[in-house]
Every structure is written in structure tokens, then in C-alpha cells.
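Okay, here's what each chain looks like letter by letter:
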Amino acid sequence: MDYLKLQGLQSVSGNIKISGAKNAALPLMAMSILAKNNIKISNLPNVADINTLLTLLTNLGAECKKDLNSVEINTSNIKEIIATYDIVKTMRASILVLGPALARFRHCEVSLPGGCAIGQRPVDLHLKALEQMGATIEIKSGYIDAKAPDGLKGCEIVFDKITVTGTANIVMAAALANGVTTIVNAAREPEVVQLCEILNQSGVKIDGIGTAVIKVHGNNGELVDMIDFSVIPDRIEAGTYLCAGAILNQELTITNTEPKHLDAVLSKFEEMGFIIQTTDSTITIKPTSSIKPVRITTQEYPAFPTDMQAQFLALATQADGVSIIEERLFENRFMHVSELQRMGADITLNGHTATINGRSKLSGTDVMATDLRASSALILAALVADGETNVHRIYHLDRGYESLETKLENVGVNIKRLKE
Ligand code: EPZ
């Protein structure tokens, strides 16, 4: 297994180019199941989760021609859909094939994804919505067995909770359904917006894109003539590298990004005293005389994203004062706290709320990554720690950050990827 060795107290300068968004690319690749033609995707992030979904699609019979940051997918040879446990257990976003596959083939089996480090992660809302659209769903020995012999019917779906992949799944299922599907309490994340926009530009009429009420006018089983497209930039990767500049309290610029996707995050940086300058595709963070403490509550978009919680918790260890961070979306998303405490951070956990007493002097040591965003928080802490830090189990990091060590090395960080 690989690990990353970092020397602390670095100085950084220059630009970091942001890759395509993993959480946009995954539903967009699953969307290929709805296409009658080849689907061409560019600005694809070269990360493990993308390769996992490509393996799943290939196992189902799709032809996937992948370059480093682009792919061409032809799903005309997919016959039936069984997304097996061995793939789904490594990436729960495999559930995204359920909606399109059921809509197209009227039968599919997908392994229940199970939980992951950050929480139980049920898919009950996905299944309830598909049943409302006329599917019969049975859970048989850990698999979702979904059937809709007469096709799916448009109807009104009200999500009890806002679910990102749940909204994506139902938008894709509704695209081939008979009639109009109204999704109430829909997710408004930019990744869901792009999925709706591509479908809309490919002839599937969708109203209310980017709002909490989306109307999908199904085309009654007719496959979609998909346009070529480029994946939007990864707003979480962007926020993570801005945190690198912030935690070192030095200037750093990120390029190939979409500042308007980061409003809630940028305003938190400003609340902490940093200066933020943006153009239409770049963001520069500039140092502050003193890093102010912050109060954060994670919520659905456009509020502060849960996927930036761990990174800001690491940053808060360097603030002069007491910060409070509340995690509202997942039940176990503070796995990074114990490792940060081992580096010297003064953090108290009380249920879903972390109290961070800054400023802590952090010391480099061996730490272990536990999930994707927790890993990035440990990298950030290592940048400002005194001495050397080894971050182990970085396969978690490789799921969602393309060439992280190269991107950091290019701005002056002393970081090496080594073998255990
Ligand atoms: C997506 O996960 C992202 N993953 C996650 O990013 C992100 O943290 C999450 O949305 C929230 O923004 C992808 O897009 C691939 P949800 P998703 O369904 O769709 C509950 C990362 O770091 N819920 O919006 O699985 C659920 O338990 C990853 O890149 C149900 O109860 O999240 C959670 O508490 C981590 N029943 C809340 O809703 C359901 O059927 C939000 O989950 C579905 C969800």
C-alpha cells in the first residue's frame, strides 16, 4: 500500500489546476445507459472511483474507451444489469446505475451498497421513489431486485430528505418514463444541475433545473441522443486546496474552477479573515494578520458542504480562538478528529458537534486515513505540523483527488508517495 510522506511548515506559492468533479462524472457516466449513441465525456478526473464505475459498466457489456481525462462509452451491447457486490462494495455510488438501468431494461439487480466509514448511507429514498414510479422492488440476499415490466410511470415524488444521488437516480429514471415526474425537495448541488442540463440539451425536457422542484418530461422508453460534454470542475477539490493556502496562511491560486459553486465556502474563508479574489475561472486566497475562529453547520447546497467539513476542522486548529463545527448530514463524519488530536490538536467532540480550541501547535507523526475527505484533512494538518508526517491508507485519497502529491509539489510542498 502507498503512503504519503510530508515535511511540515512549508511555504507554498503559485497555481493549482482543478480537475473535473468526481461527483458530477459518476452520475454522468451512469447516464450513458440512457443513450442511443456513443457518449463522449471530457475533463474526467483520473481517480479510482471513476475507474471503478467504468469497470462496472464494462462488466455489464458497455464498451468504454478511456484516455487519461476523457472517455467514450457505448452501452448498446448491455443486455441485463447485475451490479455485483464486489464492485458496489468498493464504491456505493454504483447505486447510480439503478435508475437508468431499470428505466431502460425494465429489470435490474444491484447489490445493496451497505454503509461506509462516514455512516449507514441507506438508499431507502431511492427505492421508495422507484416504487412510486411503478417498480416492484425486492431485497434478496443483499441485492436490490427491481422490476418494471410495463416501464416506469411519471408521478410526483416528494423526498423526505434531500438526497444527491437519490435525485440523480430519479432524474435518470424519469427521463425514460411514461409521463411527467415532479421531484419535490430535490438536491440542488451543481453536480445534479449538470446532469439535468446535459439531459435537457439532449432532448429530455426538464423544468426547474437547479431548484428544489424538478419536472422531468419522460420520453416513454425512447433512448436519448446524447450530446458530448465536459465535466464541471470539482468544487470540493478546489475548496481543499484553498484550505492548503489558508492553513499555511499564504497566498495560493487555483485555476480551472467555478467560484460560484463555492459561495458558502468562500464566505467562511472571509469570515476567518482571509482575502478571496476571484475571476470567472480562478480563485486566489490571500493571508490574514490573524486567523479568526469560525462556526460552521454542514447542510445541503447552496449551504456549507459536508464534504468540506473535515478540511475546515483541520484549518480551525490554526485559528486564534474557539471554533464550533456541526455535522448535520452524516452520523459518523468525525473520523479525522482522533488523528488530528494525535498531532496535537485540541478538539472536543459532543455528538454531532466538534469544538476546536485554536491555535494548536501540531507535530508531525504517523497518521491513518479513514475516508476520502478525512484523508485530505490529515494532509492539510501535515502541511502546518512541525516535522515529518506519514499519511497511511491513502487509497481513500486516491478515490477522489487526482495527482494530489504532484499538484502540491508543483506549489512547493515537500511531499513524496512511497510504498509501505
Ligand atoms: C453524495 O452522497 C456525495 N457522493 C457525497 O460525497 C456527499 O457527501 C453527499 O452527497 C452529501 O452532499 C456522490 O455524489 C457520489 P445523500 P449521497 O443521498 O448521494 C441520507 C464525497 O466525499 N439518505 O445526499 O450518498 C443519508 O444517509 C462523498 O465525495 C437516506 O436516509 O448522499 C445522508 O444522511 C461522500 N436515505 C443524507 O440523506 C437515502 O435513500 C444525504 O445523503 C439517501 C440518503
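What comes next concerns the included structure.

Scoring rules and cut-offs
Throughout this description, residue numbers start from 1 for each chain and increase along the sequence as written. Residues qualify for local features only when their pLDDT is at least 70, as the model is predicted, and side-chain atom pairs are given and counted only at 80 or more; totals for whole chains, interfaces and linings, by contrast, use all residues. Note: side-chain values were computed over all heavy atoms of the structure, leaving out hydrogens and water. Only runs of H or I of at least four residues qualify as helices and only runs of E of at least two qualify as strands under DSSP, and these elements are numbered from the N terminus. Values of the radius of gyration come from C-alpha atoms, whereas the globule rule sets the reference at 2.2 Å times the count of residues to the power 0.38. Note on classification: 1.4 Å probe, protein chains only; a residue is buried when its accessible area is under 20% of the maximum for its type, exposed when over 50%, partly exposed between these limits. When checking whether two residues touch, look at their non-hydrogen atoms; a contact exists if any pair is within 4.5 Å. For the charge count, each Lys or Arg is scored as positive and each Asp or Glu as negative, with His and the chain ends excluded. Taken as the charge location is NZ of Lys, CZ of Arg, CG of Asp or CD of Glu. Whenever a nitrogen or oxygen atom comes within 3.5 Å of another N or O atom, the pair is scored as a polar contact, on the condition that within protein one atom can donate a hydrogen and the other can accept it, and that pairs from neighbouring residues in sequence are kept only if both atoms are in side chains. Only buried residues count toward a nonpolar core, which is a set of Ala, Val, Leu, Ile, Met, Phe, Trp, Tyr and Cys residues joined through side-chain atoms within 4.5 Å. Strand pairing follows a simple DSSP-based rule, namely that at least 2 bridges must link the two strands. Every axis in this analysis is a line fitted to C-alpha atoms, fitted for helices over the stretch in contact. Angles between the N-to-C directions lie between 0 and 180 degrees. Criterion for a salt bridge: a side-chain nitrogen of Lys or Arg within 4 Å of a carboxyl oxygen of Asp or Glu.

Let us look at the overall build of the chain. In terms of regular secondary structure, the chain is built from 14 helices and 24 strands. In terms of overall size, the chain behaves like a compact globule, its C-alpha atoms giving a radius of gyration of 21 Å where 420 residues would be expected to give roughly 22 Å. In terms of its C-alpha atoms, the chain occupies a principal-axis envelope of roughly 65 × 45 × 40 Å. Of all 420 residues assigned to the chain, the portion counted as buried reaches 57%. In the chain, the proportion of contacts linking residues at least 24 apart, taken out of those at least 6 apart, comes to 72%. Distance from the positive charge centre (39 side chains) to the negative charge centre (47 side chains) of the chain: 1 Å.

This paragraph deals with the side chain of Ser-323. Along the chain, Ser-323 turns up in strand β19 (residues 321-326). At 3.0 Å, the side chain of Ser-323 and the backbone nitrogen of Val-294 are in polar contact. Ignoring anything within four residues of it in the chain, the contact list for Ser-323 reads Pro-293, Val-294, Ala-316, Ala-354, Thr-355 and Ile-356.

This part covers the nonpolar core. For soluble globular proteins, the rule of thumb is that nonpolar side chains tend to be buried together. Formed by 81 residues in total, the largest nonpolar core has its most connected members in Met-29, Met-31, Leu-130, Met-133 and Leu-152. Here this core takes seven residues from helix α6 (residues 164-175), the largest share from any one element. Each residue touching Leu-130, except ones within four places of it in the same chain, is listed here: Leu-98, Leu-102, Ala-135, Ile-137, Leu-152, Ile-170 and Ala-173. The next biggest cluster of nonpolar side chains, apart from the first, holds 69 residues, and it includes Ile-18, Leu-252, Ile-296 and Ala-310.

Once that is clear, we can look at the sheet that holds β19. Backbone-to-backbone hydrogen bonds join strands into a sheet, with any given pair of strands oriented parallel or antiparallel. With respect to topology, four strands assemble into an open sheet ordered β18-β19-β21-β20, the strand pairing being mixed. Every interior strand has two partners, whereas the edge strands, β18 (295-297) and β20 (346-350), have only one. Pairwise comparison of adjacent strand axes, ignoring direction, gives a mean angle of 15 degrees for this sheet. When β18 meets β19, the two strands line up parallel, connected through three bridges. Its bridge partner lying in β19, Ile-296 is registered against Ile-325.

A word on unusual backbone geometry. The amide bond that connects Tyr-301 to the next residue, Pro-302, takes the cis arrangement and shows omega of 10 degrees. Assignment of secondary structure puts Pro-302 in the loop between β18 and α10 (309-316). At the junction of Gly-358 and Arg-359, the peptide bond is cis and its omega measures out at 5 degrees in the coordinates. Its identity is not glycine, yet Asn-43 carries a phi of approximately 55 degrees, on the positive side. Residue placement: Asn-43 occurs in the loop between β3 (39-42) and α2 (48-59).

This brings us to the pattern of salt bridges. Considering all chains together, one arrives at 21 salt bridges under this definition. Residue Arg-342 is joined to Glu-339 by a salt bridge in which the shortest nitrogen-to-oxygen separation is 3.2 Å. Here Glu-339 and Arg-342 lie together in helix α11 (residues 335-342), a separation of three residues that amounts to about one turn. Overall, Arg-342 belongs to the partly exposed group, its relative accessible area being 48%. By relative accessible area, Glu-339 is classed as buried at 12%.

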